[in-house]
Amino acid sequence: MSLAPSLTERLARARADLRMGVGVAMHSANGDAVVFAAEALSDARLADARALGAPVLAITSWRAQTLKARAYDGDLARLSVPADVDASWIEAVADPADDLRVPMKGPLGSLRTGSPAAHRAAIGLSKSARLLPAALVVDVPDARALAAAHGLTLIDIDAAQSLLGDLSPLHDVVHARVPLEASQKGRVHVFRPEDGGEEHYAIEIGRPDRDHPALVRLHSACFTGDVLGSLKCDCGPQLHAALHQMGQEGAGILLYLNQEGRGIGLANKMRAYSLQDQGFDTVEANHRLGFEDDERDFRIGAALLRDMGLSRVRLLTNNPRKISMMQDHGIEVVERVPLKVGENDFNSRYLATKARKSGHLL
């Protein structure tokens, strides 16, 4: 018998630790390190990190491009941290909020020797914890000893690589009838991933025939649009229009995926909104934060549809990427059903950017 947490469970702990500003010990064949999330770093923890060795700030190549820093590792840059800076300097390099007011952050020196394995894993964990994709990394001689001495979560990077990229299995933990405005024949399913991540929901209208293509919508959570009625996007109108159409047809499934802000989380989405107020479009804002155009994982939608017994769908979407992702993961899209609602004076530029840069059919 072993009561020790599995690697999946330790990764969940590591995400929580990073969010709280606690260090995470990492071991790999290429070397050991302790890592901290840049946005949660305190001056006290920075001092502790310096006592262990020379700290390095890992940022994505997108953020490095904004800062005019060399990304010798391709997808990321490892920046030397000057000896006289405090935690606010780390945060300023990671967070573009003041880039226009204080454009000169450097000179920034990029490392080109040594292994970036711990740096890459730290950025990946930070992203999955919905934090800015930037981390402070300090090489240490023995991560296991450090973790044991200080009670830190220990992650074996080599063993974790496949888990970090794989989709965690999802389980339908409960479902119940919920009469909706769009249809009194509504049923909500709650799916929970094994890795402790966000739950996802399936709203089933009527009883879709599994032998025929079902009307389906993959809808990513949008607190501002779905709940607050924000005019900066078209998410709320799309949500309600999709449910209304399913109600009219008598059957359909809306997957409500907790991938706020194209998968970067609500806090980072608000950071992107602030950058949009400075004149950047939605794609440029994501890049300045260090994210890709779209960080969502639509494999989740395909997995949920398969779990619900669906293999052929009529997909309510304006996004060709959703169609290709469904096709690539075993869900046949027999028809794309357009969903063009919600344009207004506040979001017209946003929608134009989605069409021009992300290929949406608007």
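This text goes with the structure placed above it.
Remember, predicted model here, so these are calculated numbers, not experimental data.

**Focus on the overall build of the protein**
- When you go through the protein residue by residue, the secondary structure sums to 15 helices and 13 strands.
- Taken along the three principal axes of its C-alpha coordinates, the protein extends 65 × 60 × 30 Å.
- The buried share of the protein, reckoned over its 362 residues, is 51%.
- A fraction of 67% describes how many contacts in the protein between residues 6 or more apart in sequence connect residues 24 or more apart.
- Split by element, the accessible area of the protein, about 16,600 Å² in all, is 52% carbon and sulfur.
- Both charge centroids of the protein, one from 42 positive and one from 46 negative side chains, sit 3 Å from each other.

**Describing the sheet that holds strand E2 (residues 32–37)**
- Pairing is mixed across the open sheet formed by six strands, whose spatial order is E4-E3-E5-E2-E1-E6. Of all the strands in the sheet, just strand E4 (76–80) and strand E6 (153–156) have a single pairing partner and so form its edges. Neighbouring strand axes in the sheet, compared pairwise and without regard to direction, differ in orientation by 30° on average.
- As defined by bridge partners, strand E3 (residues 56–60) adjoins strand E5 (residues 134–140) across four bridges and the pair is classed as antiparallel. Bridge assignment links Ala-58 to a residue of E5, and that residue is Ala-135.
- Along the sheet, helix H1 (residues 7–20) makes contact with strand E1 (24–27), E2 and E6, crossing E6 at roughly 125°.

**Digging into the environment of Gly-265**
- As for its position among the elements, Gly-265 is in the loop between helix H10 (260–263) and helix H11 (266–277).
- C-alpha of Gly-265 to C-alpha of Gly-196: the two residues are 69 residues apart in sequence and 16 Å apart in space.
- When sequence neighbours within four positions are dropped, the list of residues in contact with Gly-265 reads Arg-130 and Glu-260.

**Details of the packing of aromatic side chains**
- Scanning the entire structure with this criterion turns up one aromatic pair.
- Where Tyr-201 meets Tyr-256, the ring centres are 6.3 Å apart and the plane angle is 15°; that geometry is what we call stacked. Remark: Tyr-256 occurs in strand E11 (residues 252–257) and Tyr-201 occurs in strand E9 (residues 200–205); sequence separation between them is 55 residues.
- Lying across the ring of Tyr-72, Arg-112 places its NZ or CZ 4.2 Å from the centre.
- In this structure, Lys-232 packs its charged tip against the face of Tyr-273, placed 4.6 Å from the ring centre.

**Observations regarding the side chain of Arg-288**
- Counting through the fold element by element, Arg-288 comes out in helix H12 (residues 282–289).
- Only 3.4 Å separates the side chain of Arg-288 from the side chain of Asp-99, close enough to count as a polar contact.
- Among residues more than four places away in sequence, those in contact with Arg-288 are Arg-63, Thr-66, Pro-96, Asp-99, Leu-100, Leu-275 and Phe-280.

**What to know about the sheet that holds E11**
- Ordered in space as E7-E8-E9-E11-E10-E12-E13, the seven strands form an open sheet in which the pairing is mixed. Each edge of the open sheet is held by one strand with a lone partner, namely strand E7 (170–177) and strand E13 (332–337). Each strand of the sheet is rotated relative to its neighbour by a mean of 25°, with strand direction disregarded.
- Bridge count between strand E8 (residues 186–193) and E9: six bridges; the pairing is antiparallel. The residue bridging Val-188 from the neighbouring strand is Ile-203, located in E9.
- Its contacts with the sheet put helix H9 (residues 235–249) on E9, strand E10 (214–220), E11, strand E12 (312–316) and E13, and the angle it makes with E10 is roughly 160°.

Calculation criteria
- Residues numbered from 1 in each chain as written.
- Predicted model: local features only at pLDDT ≥ 70, side-chain atom pairs only at ≥ 80, totals over all residues.
- Heavy atoms only, no water.
- Helix = DSSP H or I, 4+ residues; strand = E, 2+ residues; numbered from the N terminus.
- Buried < 20%, exposed > 50% of the residue type's maximum accessible area, 1.4 Å probe, protein only.
- Contact = heavy atoms within 4.5 Å.
- Areas by Shrake-Rupley, 256 points an atom, 1.4 Å probe, with all protein chains shown as cover.
- Lys, Arg positive; Asp, Glu negative; His and termini not counted.
- Charge placed at Lys NZ, Arg CZ, Asp CG, Glu CD.
- Pairing = 2+ DSSP bridges.
- Axes fitted to C-alpha atoms, helices over the stretch in contact; angles between N-to-C directions.
- Phe/Tyr/Trp six-rings, centres within 6.5 Å; stacked < 30°, edge-to-face > 60°.
- Lys NZ or Arg CZ within 6 Å of the ring centre and 35° of its normal.
- Polar contact = N/O pair within 3.5 Å; in protein donor to acceptor, adjacent residues only side chain to side chain.

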